[in-house]
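Given next are the chains, with one letter for each unit.
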Amino acid sequence: MLETPTKPALPKLRAADVAYDAIESMIVTLKLKPGSPVVESELVDVTGLGRTPLREALMRMSSNGLIVQLPRRGLIISDIEAAEHMTLIETRRVLEHLIASSAARRASPQQREDIMASADKMVVAAKQRELGVYMDADQALDHMIHEACRNPSAVKAVTPLIIKCRRFWYAYQHEGDIEESARCHMLLAKAIAKGNEEQAVKASDSLMDSLEMFARKVING
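Engineer: Whenever I open this one, helix 3 (residues 51-63) confuses me. Can you help?
Structural biologist: Residues spaced three or four apart along an α-helix face the same direction, because each turn holds 3.6 residues. The end-to-end C-alpha separation of helix 3 is 18 Å, in line with the 18 Å expected for 13 residues at 1.5 Å each. Lining the buried residues of helix 3 we find helix 1 (15-28), helix 2 (40-47) and strand 1 (67-70). One or two steps after helix 3, the chain reaches Gly 65, where phi turns positive at roughly 90°.

See below:
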């Protein structure tokens, strides 16, 4: 009798990656507020992780501008720079083109299924106004697309931009349309899942257009 095939196990995240994701979530949801000091002992207590992976995560965040070091003040969370947000989206748009087309071309069948599953979670969470679930699914979708694109250089460059965009959206969420945002993510997920590079690039453009319109609305008051 043949055994039922099992899905391949997902790769185990390094402790530093777990720490990075945990701190990212706290920055994005403003639990770590812009301008607030980074207290290592508090992060150890909150995350339950060791000092070594936390320090590695903090170093990565410092190198990409999410955390800054000031004389006599130590590490602090970077500010939300509304005026510079448009150029951030402009840069992110170029990188997202490459990532979307690469993911559509290179994703494995399992990755395509997982990408759709995360997008589905975003849509459901948006309809039910479950913001925490929505943000977690958004983060998971990014991770899956980034893994599928198999371009670590592009992922490294775009990651801090995504985190800053996500934090900006969370800070001004009352100005946005969460269901429209979920719809844009779903279009991107579908294009990647189908392996359609042209549609994936168009969908990534639609997502960036949505973020740009949202940012203009916030900036112009």
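Engineer: Looking at this structure, how should I read the environment of Leu 58?
Structural biologist: Locating Leu 58 in the fold gives a position in helix 3. When its relative accessible area of 5% is taken as the criterion, Leu 58 is described as buried. In the structure, Leu 58 is positioned 39 residues away from His 97 in sequence and 28 Å away in space, judged by C-alpha atoms. Every residue in contact with Leu 58, bar those within four places of it in the chain, is listed here: Ile 23, Val 38, Leu 43 and Ile 67.

Engineer: Just to check I follow, could you spell out the pattern of salt bridges for this structure?
Structural biologist: Opposite charge on two side chains makes pairing possible when the charged atoms of those side chains draw close. If you walk through the whole model with that rule in mind, you get 17 salt bridges. Across the pair Glu 40 and Arg 51 runs a salt bridge, and its minimum N-O distance is 2.7 Å. Of this pair, Glu 40 sits in helix 2 while Arg 51 sits in helix 3, and the two are 11 residues apart along the sequence. When its relative accessible area of 39% is taken as the criterion, Arg 51 is described as partly exposed.

Engineer: Looking at this structure, I do not really get the nonpolar core. What am I missing?
Structural biologist: As a rule of thumb, nonpolar side chains are buried together in soluble globular proteins. By size, the foremost hydrophobic cluster in this structure holds 65 residues, and its most contacted members are Ile 23, Leu 43, Tyr 134 and Ile 145. Here this core takes nine residues from helix 7 (residues 152-171), the largest share from any one element. Apart from the residues within four sequence positions on either side, Tyr 134 is in contact with Met 122, Ala 125, Ala 126, Trp 169, Ile 178, Ser 181, Ala 182 and His 185.

Engineer: Whenever I open this one, the pairing of strand 1 confuses me. Can you help?
Structural biologist: Consecutive side chains along a regular strand alternate between the two faces of the sheet. Pairing of strand 1 with strand 2 (residues 74-77), which is carried by four bridges, proceeds in the antiparallel orientation. Paired with Val 68 across the strands is Ile 76, a residue of strand 2. Counting the residues between successive antiparallel strands, the hairpin from strand 1 to strand 2 contains three residues, one of them, Arg 72, with a positive phi of roughly 70°.

Engineer: For this particular structure, what's the right way to read the side chain of Asn 151?
Structural biologist: With respect to the element layout, Asn 151 can be found in the loop between helix 6 (131-149) and helix 7. Of the polar contacts made by the side chain of Asn 151, one reaches the backbone nitrogen of Ala 154; its length is 3.0 Å. With sequence-adjacent residues up to four places away left out, Asn 151 is seen in contact with Leu 98 and Arg 106.

Engineer: Before we go on, may I ask you to explain the side chain of Arg 93 in this structure?
Structural biologist: Inspection of the secondary structure assignment puts Arg 93 in helix 4 (residues 85-106). Excluding anything up to four places from it in sequence, Arg 93 contacts Asp 205, Met 208, Asp 209 and Glu 212.

Engineer: For this particular structure, what's the right way to read the packing of helix 6 against helix 8 (residues 178-194)?
Structural biologist: Between two packed helices, the angle of one axis relative to the other and the distance separating the axes together describe the packing. Between helix 6 and helix 8, whose axes approach to 12 Å, the crossing angle comes to 25°. Between helix 6 and helix 8, the crossing angle belongs to the class labelled roughly parallel. Relative to helix 8, helix 6 is oriented so that their crossing is left-handed. Listed contacts from helix 8 to Leu 131, Tyr 134, Asp 138, Leu 141 and Ile 145 of helix 6 are Ile 178, Ser 181, Ala 182, His 185, Leu 188 and Ile 192. Grouping the amino acids of the contact of helix 6 with helix 8 by side-chain chemistry returns eight nonpolar, two polar and one charged.

Scoring rules and cut-offs
- Residues numbered from 1 in each chain as written.
- Predicted model: local features only at pLDDT ≥ 70, side-chain atom pairs only at ≥ 80, totals over all residues.
- Heavy atoms only, no water.
- Helix = DSSP H or I, 4+ residues; strand = E, 2+ residues; numbered from the N terminus.
- Expected span 1.5 Å × (residues − 1).
- Contact = heavy atoms within 4.5 Å.
- Buried < 20%, exposed > 50% of the residue type's maximum accessible area, 1.4 Å probe, protein only.
- Salt bridge = Lys/Arg side-chain N within 4 Å of Asp/Glu carboxyl O.
- Core = buried A, V, L, I, M, F, W, Y, C linked by side-chain atoms within 4.5 Å.
- Pairing = 2+ DSSP bridges.
- Polar contact = N/O pair within 3.5 Å; in protein donor to acceptor, adjacent residues only side chain to side chain.
- Axes fitted to C-alpha atoms, helices over the stretch in contact; angles between N-to-C directions.
- Parallel < 35°, antiparallel > 145°, perpendicular 65-115°, else oblique.
- Left-handed = near helix turned anticlockwise from the far one by under 90°.
- Nonpolar A, V, L, I, M, F, W, Y, C, P; charged D, E, K, R; others polar.

Read these as geometric descriptors, not functional statements.
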